[in-house]
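# Fold and geometry: a report
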Amino acid sequence: MYNLELIREKILANGSITFSDIPDLRKIVYRDGRVSREEADFLFDLRRDLLNFGNLKAWDEFFIQAICDYVLDDKTSHDSISDEKASWLVEKIGEDKYVDEVEKGLLYRLSHKAKHFPVNLKRIQEHTSIAYDLGRKILSLLCRNSKTGRSLQFGIDKVGRSKNKILD
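Before going into details, it helps to say that this report is about the structure given with it. Per chain, the residues get numbers from 1 upward, laid out in the order the sequence is written. Residues qualify for local features only when their pLDDT is at least 70, as the model is predicted, and side-chain atom pairs are given and counted only at 80 or more; totals for whole chains, interfaces and linings, by contrast, use all residues. With hydrogens and water excluded, all non-hydrogen atoms of the structure serve as input to the side-chain values.

### Some points on the environment of Val29
Inspection of the secondary structure assignment puts Val29 in helix α2 (residues 21-29). Between the C-alpha atoms of Val29 and Ala66, which are 37 residues apart in sequence, the distance is 7.9 Å. When residues no more than four places from it in sequence are discounted, the contact partners of Val29 are Arg34, Val35, Glu39, Leu43, Phe62 and Ala66. Helix numbers and strand numbers start at the N terminus; a helix is a DSSP run of H or I with at least 4 residues, a strand a run of E with at least 2. Here, two residues are considered to be in contact whenever any of their heavy atoms come within 4.5 Å of each other.

### Re the side chain of Lys92
Within the secondary structure layout, Lys92 lies in helix α5 (residues 83-94). Partly exposed describes any residue whose relative accessible area lies between the buried limit of under 20% and the exposed limit of over 50%, with all areas from a 1.4 Å probe on protein chains only and scaled to the type maximum. Under the relative-accessibility criterion, Lys92 is labelled buried at 9%. Of the polar contacts made by the side chain of Lys92, one reaches the side chain of Asp41; its length is 3.5 Å. If sequence neighbours within four positions are ignored, Lys92 has contacts with Asp41, Phe44 and Asp45. Counting of polar contacts relies on pairs of N or O atoms within 3.5 Å, with two restrictions inside protein: one atom must be capable of donating a hydrogen and the other of accepting it, and residues adjacent in sequence are counted only when both atoms are side-chain atoms.

### Structural notes on the nonpolar core
Buried Ala, Val, Leu, Ile, Met, Phe, Trp, Tyr and Cys residues that are joined via side-chain atoms within 4.5 Å together make up what is termed a nonpolar core. Ranked by size, the top nonpolar core spans 40 residues in total, and within it Trp59, Ile67 and Leu89 carry the most contacts. Going through the elements one at a time, α1 (4-14), α2, α3 (37-49), α4 (57-72), α5, α6 (101-113) and α7 (119-142) are the ones with two or more residues in this core. Broken down by element, the residue count for this core peaks at ten residues, all from α4. The residues touching Trp59, leaving out its near neighbours within four places in the chain, are Ile17, Ile22, Leu25, Leu43, Leu46 and Arg47.

Written as C-alpha cells, this is what we have:
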C-alpha cells in the first residue's frame, strides 16, 4: 500500500506521471471515499512539481475531479463551495501567479457543478478569460503586417515542424 510521500518520490524519480500512476493515486486519495485537505494540498504540490514535464491528460482530469470533490464536499451544504475552501483554492491557484489551462478547466467545472460559485472564484475566472482574450488580440496585432494588413499565424504541424501562414 502506497502512502502520499512514497508515490510522490516514485513519480518525481520518473520525472512524469504515467498511466499506471493514476490508479495508485486514486487508491490513495480516495481511500476513505473522500478527498481530504492534506490530499488536495498534495495534488496541487505534485502538479506544481511536474509542470515542466509533459503531463498526461488522464492526470489533468484526475486532478480536476479530485479537487472538485474536495471543494464541493461540505458537511453543511453538498455541492456548495464554503468561504474557507474558496479562499484555499484562490491561494492554491495564485501560488505561481499564473492560471494555466488545467486551473481554468477546474474553475469552469466548479462553476457548473456548484450551486453557489463564490465571487472571488468568479473574479479569477473572469480575469483569466479577459487576459487570455487580450493576449490573443495583442499577439494578432504584433503579427500583423503593417503594409498588407494581413496577419501571420504560427503553428506546429503533426511532425513538429513549424508552419506559418498568412491570414487575410
